[in-house]
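Coordinate analysis (summary)
Chain by chain, the residues:
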Amino acid sequence: MKAAAALAIEAAIMGFALALVTTTGTLAQLTFLSRCVIGAGLLLLFVSVIFSIIVLRPRVKLNEPAPKDRGYLYFGHLRHWKKADLSRVLAKNTVNDDQLADQVIKMSIVAWRKHLWLKWSLYLLLAGMAVIGGLYLVLLLGLMPDQLGDLIPTPTPTTGAAS
């Protein structure tokens, strides 16, 4: 759920950043430095989105055989069981400790990797927000217009015949 929430936030911020630069005339009013900063921020957000998608990607082994005697701890194997058969095995408490330990370790490895991907996704989200938000704030306040450009539309002279 955290990855889905992060992905939604990342998409909204990327939309904001893209709207900022694609507004009529805005990109033309920004300097090369500003464009590079926006590009860096968008790259951070894009990588953040990719990391969130990696977390959300299901980790299912489709080609793995599913013999009943091999596992009833993995949901991919559970789908091949009949309820009565599984109930009998569980009631007998014939869980193989090695199998249980193996499954718990494998699940924790998967969970830890997903945790790390999500952590880096959020770090990159914050970095992208800081870069793009910082630039936007500086542009809104009109600081450093010579170095970064300006968000205020530059009036264009009208050409017309004076009578």
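To be clear, the structure that these remarks concern was listed above.
The following refers to the structure shown. (Residues numbered from 1 in each chain as written. Predicted model: local features only at pLDDT ≥ 70, side-chain atom pairs only at ≥ 80, totals over all residues. Heavy atoms only, no water.)

A side chain with one charge may pair with a side chain of the opposite charge, provided their charged atoms come close. Here the structure, examined in full by the defined rule, presents one salt bridge. Across the pair R88 and D85 runs a salt bridge, and its minimum N-O distance is 2.4 Å. Taken together, the positions of R88 and D85, both in helix α5 (residues 83-92) and three residues apart, correspond to about one turn of that helix. (Salt bridge = Lys/Arg side-chain N within 4 Å of Asp/Glu carboxyl O. Helix = DSSP H or I, 4+ residues; strand = E, 2+ residues; numbered from the N terminus.)

The residue S48 is located in helix α3 (residues 32-56) in this model. Sequence separation between S48 and L7 is 41 residues; the distance between their C-alpha atoms is 8.1 Å. In this structure, S48 is in contact with E10, S121, L124 and L125, ignoring residues within four places of it in sequence. (Contact = heavy atoms within 4.5 Å.)

On to the packing of α3 against helix α6 (residues 97-141), then. Following both chains from N to C, one finds α3 and α6 inclined at 155°, their axes separated by 8 Å at the closest point. Between α3 and α6, the crossing angle belongs to the class labelled roughly antiparallel. α6 is crossed by α3, and the crossing has left-handed handedness. Looking at side-chain class alone, the contact of α3 with α6 contains 20 nonpolar, six polar and one charged residues. (Axes fitted to C-alpha atoms, helices over the stretch in contact; angles between N-to-C directions. Parallel < 35°, antiparallel > 145°, perpendicular 65-115°, else oblique. Left-handed = near helix turned anticlockwise from the far one by under 90°. Nonpolar A, V, L, I, M, F, W, Y, C, P; charged D, E, K, R; others polar.)

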